[in-house]
Amino acid sequence: AQSVTQPDIHITVSEGASLELRCNYSYGATPYLFWYVQSPGQGLQLLLKYFSGDTLVQGIKGFEAEFKRSQSSFNLRKPSVHWSDAAEYFCAVGANTGFQKLVFGTGTRLLVSP
Amino acid sequence: DTAVSQTPKYLVTQMGNDKSIKCEQNLGHDTMYWYKQDSKKFLKIMFSYNNKELIINETVPNRFSPKSPDKAHLNLHINSLELGDSAVYFCASSQEAGPRGTQYFGPGTRLLVL
């Protein structure tokens with residue numbers, strides 16, 4: 001079964017600074033990987049996804065993520081953080097066969113300081 | 001024009017009561033899901049339906065019973081509510097049930113059991 005780890009519970013970044021949120025997964029084959037964002041009191045919004053092909057994927061709101069098979073990682077990045085990016089970020093992994101059953105990490109809360 | 005909607009948004013009730021949460025999607029998707037997010041923000045899948053048929057049923061107490069009257073609706077009925085049922089419940093939908101079925105989430109229903 002697949003699993004995902006987000007090692008950072010909280011991260012604080014200054015507005016305008018770059019951001020990297022870590023995600024490590026465990027799965028026996030090439031997984032399907034997702035990043036979702038949850039703003040306070042809101043549902044989850046899909047930022048980006050990786051199925052196959054180019055290992056650097058672009059998402060909405062200026063986010064990107066890079067799949068590194070050798071490190072079992074799918075880290076999320078943004079070159080310049082805006083105050084509105086403050087939210088909870090979830091990495092999720094799905095199996096590449098069978099019914100889609102996303103397994104989520106425990107989330108990373110991003111705080112943006114002025 | 002909401003894609004995935006849930007009602008109610010908030011639900012406060014006493015232990016032992018029976019309650020239902022409704023979910024509707026207007027995306028024309030074939031597959032719908034229920035997730036539970038606990039107080040530590042951990043998200044875990046509960047059920048999934050594809051074309052009104054149950055395809056995923058995680059280890060969930062029998063007190064929880066999903067019902068899918070048609071492809072656009074997936075309701076969650078909970079009997080004999082317990083304190084531990086307090087959580088945020090998210091509905092999601094995807095075009096297909098397989099690995100490439102990107103899931104889109106509703107805004108969540110915040111359930112508090114007193």
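Residues numbered from 1 in each chain as written. Chains lettered and ligands numbered in written order. Predicted model: local features only at pLDDT ≥ 70, side-chain atom pairs only at ≥ 80, totals over all residues. Heavy atoms only, no water.

Asks: Is there a simple way to explain the overall build of chain A in this structure?
Replies: Secondary structure summary: chain A contains zero helices and 12 strands in total. In chain A, the succession of α and β elements from N to C terminus is β-β-β-β-β-β-β-β-β-β-β-β. Taken over C-alpha atoms, the radius of gyration comes to 14 Å for chain A, in line with the 13 Å a tight globule of 114 residues would show. Across its three principal directions, the C-alpha atoms of chain A cover 45 × 30 × 20 Å. Considering only contacts in chain A between residues 6 or more positions apart, those separated by 24 or more positions represent 55%. Of the accessible surface of chain A, which amounts to about 5200 Å², a share of 50% is contributed by carbon and sulfur atoms. Where the 9 positive side-chain charges of chain A centre and where its 8 negative ones centre are 7 Å apart. (Helix = DSSP H or I, 4+ residues; strand = E, 2+ residues; numbered from the N terminus. Rg over C-alpha atoms; globule rule 2.2 N^0.38 Å. Contact = heavy atoms within 4.5 Å. Areas by Shrake-Rupley, 256 points an atom, 1.4 Å probe, with all protein chains shown as cover. Lys, Arg positive; Asp, Glu negative; His and termini not counted. Charge placed at Lys NZ, Arg CZ, Asp CG, Glu CD.)

Asks: Help me understand the nonpolar core in this model?
Replies: A general trend in soluble globular proteins is that nonpolar side chains are found buried together. One finds Leu19, Trp35, Leu47, Leu48, Phe74, Leu76 and Tyr89 of chain A to be the most contacted residues of the largest nonpolar core, which totals 26 residues. Elements represented by at least two residues in this core include exactly strand S2 (10–14), strand S3 (19–21), strand S5 (32–38), strand S6 (44–50), strand S8 (64–68), strand S9 (73–78), strand S10 (87–94) and strand S12 (108–113) of chain A. Examining the composition of this core, we find that four residues originate from one element, S10 of chain A, more than from any other. Setting aside anything within four residues of it in sequence, one finds Leu19 of chain A in contact with Ile11, Val13, Phe63, Leu76, Arg77, Lys78, Val81 and Leu110 of chain A. If you look at the next biggest cluster of nonpolar residues, it comprises 20 residues, including Leu74, Leu76, Leu81 and Val113 of chain B. (Core = buried A, V, L, I, M, F, W, Y, C linked by side-chain atoms within 4.5 Å. Buried < 20%, exposed > 50% of the residue type's maximum accessible area, 1.4 Å probe, protein only.)

Asks: Please clarify how the state of the cysteines should be interpreted in this entry.
Replies: Each disulfide is one covalent bond, formed between the sulfur atoms of two cysteines. As enumerated under the stated definition, the model contains two disulfides over all chains in all. Paired by a disulfide, Cys23 of chain A and Cys91 of chain A hold their sulfur atoms 1.9 Å apart. Across the S-S bond linking Cys23 of chain A and Cys91 of chain A, the dihedral sits near -65°, which makes this disulfide left-handed. Of this pair, Cys23 of chain A sits in the loop between S3 and strand S4 (24–26) while Cys91 of chain A sits in strand S10; the two residues are 68 residues apart in sequence, bridging distant segments of the chain. In this structure, Cys23 of chain A and Cys91 of chain A share a single accessibility class: buried. There is a disulfide in this structure between Cys23 of chain B and Cys91 of chain B, and the S-S distance comes to 1.8 Å. Between Cys23 of chain B and Cys91 of chain B the sulfur-sulfur dihedral comes to about -75°; the bridge is accordingly left-handed. (Disulfide = S-S within 2.5 Å.)

Asks: It is not clear to me how the sheet that holds strand S3 (residues 19–25) of chain B should be interpreted in this structure. Could you clarify?
Replies: Neighbouring strands of a sheet are bound in pairs by backbone hydrogen bonds; such pairs are parallel or else antiparallel. Residues and elements named next belong to chain B. With respect to topology, four strands assemble into an open sheet ordered S1-S3-S8-S7, the strand pairing being antiparallel. Looking at the sheet topology across the chains shown, the edges are occupied by strand S1 (4–7) and strand S7 (64–70). In this sheet, adjacent strand axes meet at a mean angle of 20° when their direction is disregarded. Bridge count between S7 and strand S8 (residues 73–78): five bridges; the pairing is antiparallel. Paired with Asp70 across the bridge in S8 is His73. (Pairing = 2+ DSSP bridges. Axes fitted to C-alpha atoms, helices over the stretch in contact; angles between N-to-C directions.)

Asks: What am I meant to see in a nonpolar patch on the surface here?
Replies: Residue and element names in this part refer to chain B. A surface patch of nonpolar side chains, about 270 Å² in accessible area, is lined by Val12, Leu112 and Leu114. Inspection of the secondary structure assignment puts Val12 in strand S2 (residues 10–13). The class of Val12 is exposed, set by a relative accessible area of 56%. (Patch = residues over 30% accessible without salt bridge, like charges linked within 9 Å, V, L, I, M, F, W, Y side chains within 5 Å. Salt bridge = Lys/Arg side-chain N within 4 Å of Asp/Glu carboxyl O.)

Asks: Any chance you could explain the pairing of S2 of chain A here in plain terms?
Replies: Residues in a regular strand point their side chains to alternate faces of the sheet. Residues and elements named next belong to chain A. Residues Ile11 and Val13 point to one face of S2 and are all buried, whereas His10, Thr12 and Ser14, pointing to the other face, are not buried. Two strands pair when backbone bridges link them, and S2 and S12 are joined in this way by five bridges, in the parallel orientation. Bridging from a neighbouring strand, Ser14 pairs with Ser113 of S12.

Asks: I keep staring at the interface of chain A and chain B and nothing clicks. Help me out?
Replies: Accessible area lost during the coming together of the parts is what is often quoted as the interface size. With 26 residues of chain A at the contact, the number on the chain B side is 24 residues. Note on chain A versus chain B: buried area summed over both sides is about 2000 Å², and carbon and sulfur give 57% of it. The largest per-residue losses of area from chain A upon contact with chain B belong to Phe99, Gln100 and Phe104 of chain A, which jointly make up 27% of the total buried on that side. At the boundary of chain A with chain B, the tally comes to one salt bridge. Across the pair Lys101 of chain A and Glu58 of chain B runs a salt bridge whose closest N-O atoms are separated by 3.2 Å. Along the contact surface separating chain A from chain B lie four residue pairs in polar contact (both at pLDDT 80 or more). For the side of chain A that touches chain B, the secondary-structure elements that each account for two or more residues are S5, S6 and S10 of chain A. (Buried area = accessible area lost by both parts, 1.4 Å probe. Polar contact = N/O pair within 3.5 Å; in protein donor to acceptor, adjacent residues only side chain to side chain.)

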